[in-house]
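Topology and contacts: notes
Now for the letters of each chain:
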Amino acid sequence: MRRLLPAGLILLAAIGLWQLVASIGSVDDLTLASPLETARSLADDWQLLADNALVTLTEVALGLAIGVALGAASAVAMHLVRPLRDAAYPLLVASQAIPIVVLAPVFVLAFDYGIGPKLVIVALICFFPITVSMLDGLRAVDADVLKLMRSLGASRLATLRKAELPASLPQFFSGLKVAASVSVIGAVFGEWAGANDGLGRLVLLANTQLQTPRVYAGIVVLTLMAVALFALVTLAERVAVPWKRTEASR
Amino acid sequence: MRTRLEAPAVEPLSIERTSVALSGATRTYPGRSRSAKPTEGLADVTLSVARGEVLAVVGPSGCGKSTLLELVCGLQEPDRGEVSVHGDNSAAARLSQCAYMAQRDLLLPWRDAIANAALALECQGVGRREARRRAAPLFRRFGLDSFEGALPGELSGGMRQRVAFLRTLLAGRPVLCLDEPFAALDSITRAAMQEWLADALAGEPRTVVCVTHDVEEALFLGDRVVVLSARPGRVVAELRVDLPRPRPRRETVTDARFVELKEQALEALAA
C-alpha cells in the first residue's frame, strides 16, 4: 500500500490540475468536462456504464484468453521446431506493422456487428507480446540445465515440461502484463468500427451527442478496467511464480 | 611428455574390472571465426577407472577437465580415440551409465529440495509422487529431512550442493561424473562438503570420476589422482593415494604422506 502512495499523490495532483483548468472560463465545457462533472456522470449514468462495461469486459476477457492460448501455443511450437521459428518469426514481427485500427472495419464487414470482430482484434493485439516474451523465456533456459536434463535421460517432452515451461513463466507473465494493458484498447477499437453496445461505443456515441462528461466517465471506467486487469495478472504471477521472490531476496 | 612420478601402482586392469576407459581421446574445438585456428581441448588422453574406484582429475583452469568429463558422460564425442564405459563406446550407452554433476547445483528454483532430487527419477518415467517417496529415505540418511520442503532460494550453497548430489545418486547410475562439485563454495564449506562426500561415497560406493583444480581436494577424495597439463590437456602424472580410509580431514591433510603426494602433484602441475 505504501508503494502506491507516490502514484496516488501524482494522480491527485493531476485531478487537481484538471479541475483548475476546467474552472477557467475560457475552456469550453464541450471540450473539457471537469472532474466534478465526470464524477456526477459516473454516479448518474452508473447503470448505463456498468451494462456497457460488462460487454467490453467480456470482449476483453475472451479475446485475451484466445490471444494467450494462441500465443503460448505458437511460442512452444516455434521453440520445438526450429525451421518453423525461422520461417514464422520474421513474418510475425512484420505483422506488427499492420495497424489493427485500420483492419477493424474489415473484420466488422467480415464478422458482422457481434462479439466476433472484437475478439479477433483483442486476440491479435495480445498475441504478439505473449508469443515473443514466452519464446524468449523458453530459449533463455540455462544451457547447463539442458545438459543436466540430457544426462538424466529426460525426453524432449519431459525437458519442455519440467525445465523449459516453468522457466519461461516469468517472461510469460511479462508478456501477459503488456497484453492485458493493451487488450482494453483493442476492444475499444473493435467497438468503434461497429457495435451495438460496449464502453467504446458508448464513449463514441456520447461524443457525437456532445455529452462530454459521459465521455470522460467512460474513459475513467475503461482505465480502471485496464488497471484491474494488470493487477490481476500481477497477483496471478505471484501465485504462479513464487520462487521469483525468494530468488530476488537471496 | 608423460612423466610418471611413480611406478604404476595398479596392474593393468582387466576388462571386467574396468568401468571407464579412455584411449587416445582427443577433442578439438573449431575456431570461433573461420580464420581462427581450432583449439585443442584435450590431447591424446589415455586412462582407465576401475569399478568402485574414485579417480580425481586435477589440472589448471581451461585444461579440458570438463571436456574429459563430458566425454565420459556421453555429452560429447571425441574427435579421435575412444571413450567407453563398461565396454560400450556409444554415446547413448555412456549417457545411460553415468550421472553428471556440474559445478553449479542447477537446482530448479520452482521445485522444493526433495522434488529437485526426485527429478532424476521423474526423468526416467517415475511418477511425481512416487519419485518423492523414493527420494525421502536418502534425505533421511544424509540428514537433510528437515529441508525437504525448502525451495533452493532458501538453502545455503552447501545445502544446495548436497541436494544436487542426492539428485546425482538418485539417477541410479553406476558411474558418477563430478565436475568441480564444490568450486563455487567458500573454503570452509568446501572442506566440510569434501568430508560429507567421502562419507556419502563410503555408504553408496560408485565408480567416480571427479574433476577439480584443487590438488588437496583431489588427494583427499581420490583413490588415484591424474594430473593434466595446461591446454591442450594431457596426462602428465598419475598418483596412487595410498592413504587409508576413512580419512579424517585434519589428520589427513597434515599427514606426511599426504604432503609428499601434494608436492608431487604440484610439481607435475608446474612442469
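Above: the structure in question.
Overview of the structure. What you see is a predicted model; the values in this text were computed from it and never measured.

**Examining the overall build of chain A**
Helix and strand counts for chain A stand at eleven helices and zero strands. For chain A, the α and β elements follow one another from N to C terminus as α-α-α-α-α-α-α-α-α-α-α. Seen through its principal axes, chain A has C-alpha atoms that stretch 75 × 50 × 30 Å. Put simply, chain A has 250 residues, and 35% of those count as buried.

**What about the interface of chain A and chain B?**
Counting residues at the interface gives 18 residues for chain A, matched by 22 residues for chain B. If one sorts the elements of the side of chain A that touches chain B by residue count, helix α7 (residues 143–151) of chain A sits on top with seven residues. Across the side of chain A that touches chain B, the residue classes tally to nine nonpolar, three polar and six charged.

**A word on the sheet that holds strand β2 (residues 39–50) of chain B**
Residues and elements named next belong to chain B. Across the sheet, which stays open at both edges, the three strands sit in the order β2-β1-β4 with antiparallel pairing between neighbours. Every interior strand has two partners, whereas the edge strands, β2 and β4 (80–85), have only one. Within this sheet the neighbouring strands show an average axis-to-axis angle of 20°, counted without direction. Two elements, strand β1 (residues 18–29) and β2, share eight bridges in a ladder whose sense is antiparallel. Paired with Ala 21 across the bridge in β2 is Ser 48.

**What about the sheet that holds strand β3 (residues 54–58) of chain B?**
Picture the strands of a sheet paired through backbone hydrogen bonds; they go either parallel or antiparallel. Residues and elements named next belong to chain B. A sheet is described by the order of its strands in space; here six strands give the open sequence β5-β6-β7-β3-β8-β9, paired in mixed fashion. At either margin of the open sheet sits one strand with a lone partner, and together these are β5 (98–101) and β9 (235–240). Averaged over all pairs of adjacent strands, the angle between strand axes in this sheet comes to 15°, irrespective of strand direction. Where strand β8 (residues 224–228) meets β9, five bridges bridge the pair, whose relative direction is antiparallel. The partner of Val 226 across the bridge, within β9, is Glu 238. Packed on one face of the sheet, helix α1 (residues 65–73) meets β3, β5, β6 (175–179), β7 (207–212) and β8 and runs near 155° to β7.

**Brief notes about the nonpolar core**
Residues and elements named next belong to chain B. Among the nonpolar cores identified, the biggest contains 87 residues, and Val 72, Cys 177 and Val 209 are the most heavily contacted of them. A total of eight residues in this core trace back to one element, the largest contributor, which is helix α3 (residues 113–122). Apart from residues lying up to four places away in sequence, Cys 177 is in contact with Leu 69, Val 72, Cys 73, Cys 98, Ala 99, Tyr 100, Met 101 and Val 209.

**Some remarks on helix α6 (residues 116–139) of chain A**
In an α-helix, one turn spans 3.6 residues; hence positions three or four apart end up facing the same way. All names here are of chain A. In this model α6 runs 34 Å from its N-terminal to its C-terminal C-alpha over 24 residues, within 8% of the 34 Å that 1.5 Å per residue would give. Maximum bend of α6: about 30°, positioned at Phe 127, with proline Pro 129 one to four residues after it. With 20 of its 24 residues buried, α6 lies for the most part within the structure.

**Digging into the pairing of β7(B)**
Residue and element names in this part refer to chain B. Within β7, six of the six residues are buried, which leaves the element mostly enclosed by the surrounding structure. Summarising the sheet, β3 and β7 pair through five bridges and their orientation is parallel. When the sheet's bridge partners are listed, Leu 55 is paired in β7 with Val 209. In this sheet, β7 lies alongside β6 in parallel orientation, the contact comprising five bridges. Bridged to Val 175 within β7 is Thr 207.

**Things to note about the pairing of β1(B)**
For β1(B) and β4(B), the ladder comprises five bridges, and the chain directions are antiparallel. Paired with Val20(B) across the two strands is Val85(B), which belongs to β4(B).

Thresholds, definitions, all that
- Residues numbered from 1 in each chain as written.
- Chains lettered and ligands numbered in written order.
- Predicted model: local features only at pLDDT ≥ 70, side-chain atom pairs only at ≥ 80, totals over all residues.
- Helix = DSSP H or I, 4+ residues; strand = E, 2+ residues; numbered from the N terminus.
- Buried ≥ 20, exposed ≤ 12 C-beta atoms within 10 Å, placed from the backbone.
- Contact = placed C-beta atoms within 7 Å.
- Nonpolar A, V, L, I, M, F, W, Y, C, P; charged D, E, K, R; others polar.
- Pairing = 2+ DSSP bridges.
- Axes fitted to C-alpha atoms, helices over the stretch in contact; angles between N-to-C directions.
- Core = buried A, V, L, I, M, F, W, Y, C linked by C-beta atoms within 7 Å.
- Expected span 1.5 Å × (residues − 1).
- Bend = angle between axes of the 7 residues up to and from the residue.

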